[in-house]
Amino acid sequence: MNIPYGKQNITQEDIDVVIETLKSDLITQGPKVEEFEKVVADYHNAKHAIAFSNGTTALNAAYAALDVREGDEIIAPAITFLASSNGAVYCGAKPVIADIDLSTNNIDIDNLERYITKNTKVICGVSLSGNPVNLVKIQEIAKKHDLHVIHDGAHAVGSRQNGTFGIELADFTMFSFHPVKHVTTGEGGMLLTNNDELAKKARLFRTHGITREKDAMDIYDGPWSYEMISLGSNFRLCDIQCALGVSQFNRIEDNLRRRNLIAKRYNEAFANNDKLIIPPHFDLSEFNEETDVRSQENLHSYHLYTLRLSKEIDRLDMFNTLREKNIFVQIHYIPCNWHKYYRENFGCTKEDNPKANEYYESEISIPMYHTLSEDEQEYVIKEILNYVNK
């Protein structure tokens, strides 16, 4: 038995709807794209949803729609996948990499203002592993300094904080549909926003900046006319992928419920072990198979389950030992400021963010996906405890 850290779940229903779309007249730029966008927007109480080829291109579009350009700076946390800040780098901006708060593993909001300069344009808050970042406090800081907010929710489909998905607290929220995420389209991403103008700019960006609206063109020769009015690219998601996305999203609440039940079991198994630190979490004591996830005031979506190890544990040896036992753990993430490109081009150093370093040097991601069986989870728990208690 091989137990990965994350895994897609493709059902016969998923296969059937994809085949049905393949047999239809339109397999790209057709009705399934709009259907998928509407399903995701409606669930999260968002006015607009715009599908993209992946989460990275969605972030690129978000920064571009906010007119991020050369000379601007954006702030993003050290512990995230590089796409969070790379979207701004593509626009010519400088990423400023902020430290994290070890009580949340998200960006350190209490010290966020020290990273703000006269060139700062956007704060990117990341909900690491699906633990909702505090967008209320980020938005307060952003308003004080006249900044924009992007919520990188790649891990956080369906997550809630204080009774809201937080769409109204960011200019854009981004979701990712990579195979290890809650919902997959193979590759895919989406931007959610309540701002009509920003939605229009993001849609333009994903289709080369081209419009077919007569009133938006300077030159109109007839019904065949189109005009490029801004710079963009082909970042579209096709109908085949969106058909899969719609089918997958129909199971989102079961997915979220199962992930929280798996997290609850991990928490109970590891909570009293002084060699392990369980991830930040909401109270799951009453969470069960009947729990209505939509009724939860606060919901961690658990894309990842991130343990931290005490200094006496040899992480490399543990990593290798678990993999030898077919438990394919992973590490999330190498701090952004450690990477060569960031060090050489933006003056970053490995010493910039001490709390992020402490997190990275102790973190290990263990299996978390909604089809993880009780027997598989019991095996994972047993082998981890055997290792740390030896």
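Residues numbered from 1 in each chain as written. Predicted model: local features only at pLDDT ≥ 70, side-chain atom pairs only at ≥ 80, totals over all residues. Heavy atoms only, no water.

## Comments concerning the sheet that holds strand 4 (residues 94-98)
Heads up, the condition is: One bridge is not enough; two strands pair if DSSP finds at least two bridges between them. By the criteria applied, helices consist of DSSP H or I runs no shorter than four residues and strands consist of E runs no shorter than two, each listed in order from the N terminus. A fitted line through C-alpha atoms represents every axis, and for helices the fit uses only the stretch in contact; the resulting angles, taken between N-to-C directions, go from 0 to 180 degrees. The contact definition used throughout considers only heavy atoms, calling two residues in contact when any of these lie within 4.5 Å.
Taken together, the seven strands give an open sheet; going across it, the order is 2-8-7-6-5-3-4, and neighbouring strands pair in mixed fashion. Since the sheet does not close on itself, it has two edges, and those belong to strand 2 (48-52) and strand 4, each with one partner. In this sheet, adjacent strand axes meet at a mean angle of 20° when their direction is disregarded. Here strand 2 runs beside strand 8 (residues 189-193); their pairing, made up of five bridges, is antiparallel. Bridged to isoleucine 50 within strand 8 is leucine 191. Of the strands in this sheet, strand 2, strand 7 (172-176) and strand 8 are in contact with helix 6 (residues 196-205), which crosses strand 2 at around 15°.

## Some remarks on helix 3 (residues 55-65)
To be explicit about the condition: Three exposure classes are used, based on accessible area relative to the maximum for each residue type with a 1.4 Å probe and protein chains only: buried under 20%, partly exposed in between, and exposed over 50%.
Most of helix 3 sits out of view: nine of its eleven residues are buried. The complete set of buried residues in helix 3 reads Gly55, Thr57, Ala58, Leu59, Asn60, Ala61, Ala62, Tyr63 and Ala65. Positive backbone phi, at 65°, marks aspartate 67, one or two positions downstream of helix 3.

## Structural notes on a negative patch on the surface
Filter applied, for reference: Here the term patch refers to residues with relative accessible area over 30% and no salt bridge, with like charges joined within 9 Å and nonpolar side chains (Val, Leu, Ile, Met, Phe, Trp, Tyr) within 5 Å. In short, Shrake-Rupley with a 1.4 Å probe defines the accessible areas, and a residue's cover is counted only from the protein chains shown. The term salt bridge refers to a side-chain nitrogen of Lys or Arg lying within 4 Å of a carboxyl oxygen of Asp or Glu. Neither His nor the chain termini are counted; the positive set is Lys and Arg, and the negative set is Asp and Glu. Lysine's charge is taken at NZ, arginine's at CZ, aspartate's at CG and glutamate's at CD.
Taken together, the side chains of Glu289, Glu290, Glu374 and Asp375 make up a negatively charged region of the molecular surface. With respect to the secondary-structure elements, glutamate 290 resides in the loop between strand 11 (276-277) and strand 12 (305-309).

## Notes on the sheet that holds strand 12
Read from one edge of the open sheet, three strands run 11-12-14, paired in antiparallel fashion. Single-partner strands in this sheet number two, and they are strand 11 and strand 14 (363-366). Across two bridges, strand 11 lies against strand 12 in antiparallel orientation. The partner of leucine 276 across the bridge, within strand 12, is leucine 309.

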